Amino acid sequence: TADRGQQLAGIQGLVLDISGVLYDSGGEAGGLPIPGSIDAVKKIKASGLRLRFCTNETQATRDKFVEKLQRLGFDIAVNEVTAPATAACRILKERNLRPHLLVHDDLVPEFDQIDKANPNCVVIGDAADNFSYQNLNEAFRVLIGLEKPILISLGSGRYYKETDGLKLDVGAYMKTLEYACDIQAEVVGKPAKTFFQSALAEMGVEPQQAIMIGDDIVNDVGGAQQCGMKALLVRTGKYRPCDEQHPQVKADGYVDNLAEAVDVILKQLHK
Amino acid sequence: MAARRALKAVLVDLSGTLHIEDSAVPGAQEALKRLRSAPVAIRFVTNTTKECKKDLLERLKKLEFDIAEDEIFTSLTAARNLLEQKQVRPLLLVEDNALHDFKGVDTNDPNAVVIGLAPDHFNYPMLNKAFRLILDGAPLIAIHKARYYKRKDGLALGPGPFVTGLEYATDAKATVVGKPERTFFLEALRGTGCVPEEAVMIGDDCRDDVGGAQSAGMLGILVKTGKYRAADEGKISPAPYLTCESFPHAVDHILQHLL
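Residues numbered from 1 in each chain as written. Chains lettered and ligands numbered in written order. Predicted model: local features only at pLDDT ≥ 70, side-chain atom pairs only at ≥ 80, totals over all residues. Heavy atoms only, no water.

An unreviewed UniProt entry lists chain B under the name Haloacid dehalogenase-like hydrolase domain-containing protein 2, with Sphenodon punctatus as the source organism. Quoted verbatim from the Cofactor (unreviewed entry) field of UniProt, the annotation for chain B is "Mg(2+)". Taken verbatim from the UniProt record of chain B, the Sequence similarities (unreviewed entry) comment is "Belongs to the HAD-like hydrolase superfamily." (UniProt positions renumbered as here; feature names shortened; annotations may be inferred.)

As annotated in an unreviewed UniProt entry, chain A carries the name Phospholysine phosphohistidine inorganic pyrophosphate phosphatase and is attributed to Sphenodon punctatus. Here chain A is described in UniProt, under the heading Sequence similarities (unreviewed entry), as follows: "Belongs to the HAD-like hydrolase superfamily." UniProt, in the comment section headed Catalytic activity (unreviewed entry), describes chain A in these words: "diphosphate + H2O = 2 phosphate + H(+)".

What follows is the structure in structure tokens.
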């Protein structure tokens, strides 16, 4: 439509969420590509549009995560991915914070260069099976023992979809610790504005020249719009029909999957 | 606040107020005897969800407290009442001991979630299961929402943080049946024939014991034992009616000033 054409005028870059847009995680192979997504990424790269992957994935180091996606058939490189752990490490160093980590075992190597003795903050990520009562309690005790508790959360997502169903995301556990200690976490990752801004800076594109494509109405779509970007919601991954009637967030468009999103965008650009 | 009337009922918290795990608060048994000599009804009200009434009573007897089973009102009783009223089949995230108080409740193919203090169940797979049920529309019933409690080895997470996490993930709101809910305090008074303006609550949790009771129209006395931490009394407004060292001091105040 004419409407769409106008929306897309001046678009120079796309920011893609990964989990639920490129693939559904879980299972023996570590996940399943969403039909059409492998080709869609190739088409974006061939189109000359700039491309950035922006994920709240914190179950693995960036290296391992990208390796998995390459194995699934995606054309993706480590330096194309913006992920929360790297951003968190920068903050820790800047503020002389020594974290107690409540993260997935596979993410721990990202913090190799960080002093963790005598912790004065807690960093929480999507720890999955590490979210045991005992581990949550340890993090709680570190926080409650601090004069000014600092909780840094790698994302604030509510849930995501794996091949065997929906799973609680880090946001639920962030809220657990927030409530227990009567504090507010500092969120690194989507939907934090600074996180989108660093993704945009890394690809050298202004917010109004970029479109975010994600399956999370609040963290992908809402977060990107707050930052001045356009945002499309895909009907894959954690998408549920009620997301299209979300009381606070309205996407700039709703598409069946990444393949459709890319077709629509490229068609309009080539007009 | 409604006009105060002569005191006729005293509600007493158990864990942290009369005892800490298996030790009585010094002087608490004697103080309870002194209180019994006054013309007041006494109820023991607790959010201790790990244990059924029978366990609570056994422990209190072992610590030589003079308490009868029908004087105890727990959040488990309140939860069971609500399940029966709603006619739902719960996934029970409560400790095994607490299951006694749910005997006879149908738990097949659950369509409701009940959360108590259940460290053994507060783990990733079980919370995912509860999460999916709630997302499909199952009501979330919280036995209480305490932030943390005191164990011998230090402070430990209560059910409140987990309930809050599930609420956030699902956009649902839990129905809380324990302290500090107003209905809990009113239910506890039922059978004493007293109104809230004739009652006082003694406890170590500023928000859940004292704040809750005061919101229901009672007086609240905060004791500095159990989970109490310095400056807790500043956490609620209006402030506690009284903050004192421990249960015996609270009893002395009642005997000297409130009768």
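> When you look at the domain arrangement of chain A in this model, what are you seeing that I'm missing?
Much of the literature gives interface size as the accessible area that the parts lose upon coming together. Residue and element names in this part refer to chain A. Domain parsing of chain A yields domain 1 (2-82 + 190-269) and domain 2 (84-188). Each of domain 1 and domain 2 was reduced to a C-alpha centroid, and the two centroids are 25 Å apart. On the side of domain 2, 22 residues touch domain 1, which itself brings 21 residues to the contact. Summing both partners gives a buried area of about 1900 Å² for domain 1 against domain 2, and 51% of it is carried by carbon and sulfur. Considering only the side of domain 1, the residues that lose the most area to domain 2 are Thr58, Gln59 and Lys238, jointly responsible for 34% of the buried surface there. (Domains from an automatic or database assignment. Contact = heavy atoms within 4.5 Å. Buried area = accessible area lost by both parts, 1.4 Å probe.)

> What am I meant to see in helix H2 (residues 53-62) of chain B here?
Along an α-helix, residues three or four positions apart point the same way, because every turn accommodates 3.6 residues. Residues and elements named next belong to chain B. Looking at H2, one finds that the buried residues are Lys53, Asp55, Leu56, Leu57 and Leu60. In the core, the buried residues of H2 are packed alongside strand E2 (19-20), strand E4 (41-46), strand E5 (72-74) and helix H3 (75-86). Glutamate 64 occupies a position one or two residues after H2 and carries a positive phi of about 65°. (Buried < 20%, exposed > 50% of the residue type's maximum accessible area, 1.4 Å probe, protein only. Helix = DSSP H or I, 4+ residues; strand = E, 2+ residues; numbered from the N terminus.)

> Can you help me understand the pairing of strand E1 (residues 9-12) of chain B in this one?
Within a regular strand, the side chains alternate between the two sheet faces. Residues and elements named next belong to chain B. Residues Ala9 and Leu11 of E1 are buried on one face, and the alternating residues Val10 and Val12, pointing to the opposite face, are buried as well. In terms of strand pairing, E1 meets strand E12 (residues 199-203) through 4 bridges, oriented parallel. If you follow valine 10 over to E12, its bridge partner there is valine 200. (Pairing = 2+ DSSP bridges.)

> Could you clarify how one ought to interpret the pairing of strand E13 (residues 230-234) of chain A in this entry?
Residues and elements named next belong to chain A. Summarising burial for E13: 4 of the 5 residues are buried, a large majority. Sheet topology note: the strand E12 (residues 210-214)/E13 ladder contains 4 bridges and is parallel. Pairing of isoleucine 213 across the sheet is with leucine 232, part of E13. The parallel pair E12 and E13 is bridged by helix H8 (residues 217-226), and the resulting crossover is right-handed. Sheet topology places E13 next to strand E14 (residues 253-255); 3 bridges connect them, and they run parallel. (Right-handed = clockwise from strand over helix to strand, strands pointing away.)

> How do you make sense of the environment of aspartate 126 of chain A when you look at a structure like this?
Residues and elements named next belong to chain A. Residue position: aspartate 126 is located in the loop between strand E7 (121-124) and helix H5 (133-144). Measuring from C-alpha to C-alpha, the distance between aspartate 126 and valine 41 comes to 26 Å, with 85 residues separating the pair along the chain. A polar atom in the side chain of aspartate 126 sits 2.9 Å from the side chain of glutamine 59. At 2.7 Å, the side chain of aspartate 126 forms a polar contact with the side chain of tyrosine 160. (Polar contact = N/O pair within 3.5 Å; in protein donor to acceptor, adjacent residues only side chain to side chain.)

> I would appreciate a short explanation of the sheet that holds E7 of chain A in the present structure.
Either a parallel or an antiparallel arrangement is found when strands of a sheet pair, and the pairing is made through backbone hydrogen bonds. Residues and elements named next belong to chain A. Strand order across the open sheet formed by 4 strands is E6-E7-E8-E11, with parallel pairing between neighbours. Where the open sheet ends on each side, the last strands, each with one partner, are strand E6 (99-102) and strand E11 (186-188). Strand after strand, the sheet turns through a mean of 25° between neighbouring axes, direction not considered. (Axes fitted to C-alpha atoms, helices over the stretch in contact; angles between N-to-C directions.)

> How should I be thinking about the interface of chain B and chain A in this particular structure?
Chain B puts 30 residues into the contact, and the matching count from chain A is 29 residues. Contact with chain A buries surface across chain B, with Tyr124, Leu157 and Tyr168 of chain B losing the most and accounting together for 30% of the total. On the surface where chain B and chain A come into contact, there are 4 salt bridges. For arginine 207 of chain B, the salt bridge identified is with aspartate 182 of chain A, shortest N-O distance 2.7 Å. Counting across the chain B and chain A interface gives 17 residue pairs in polar contact (both at pLDDT 80 or more). Elements that contribute at least two residues to the side of chain B that touches chain A include exactly helix H4 (124-135), strand E9 (148-151), strand E10 (154-157) and helix H5 (159-170) of chain B. When residues in the side of chain B that touches chain A are grouped by element, the largest group, 8 residues, is from H5 of chain B. Taken together, the residues of the side of chain B that touches chain A sort by class into 16 nonpolar, 6 polar and 8 charged. (Salt bridge = Lys/Arg side-chain N within 4 Å of Asp/Glu carboxyl O. Nonpolar A, V, L, I, M, F, W, Y, C, P; charged D, E, K, R; others polar.)

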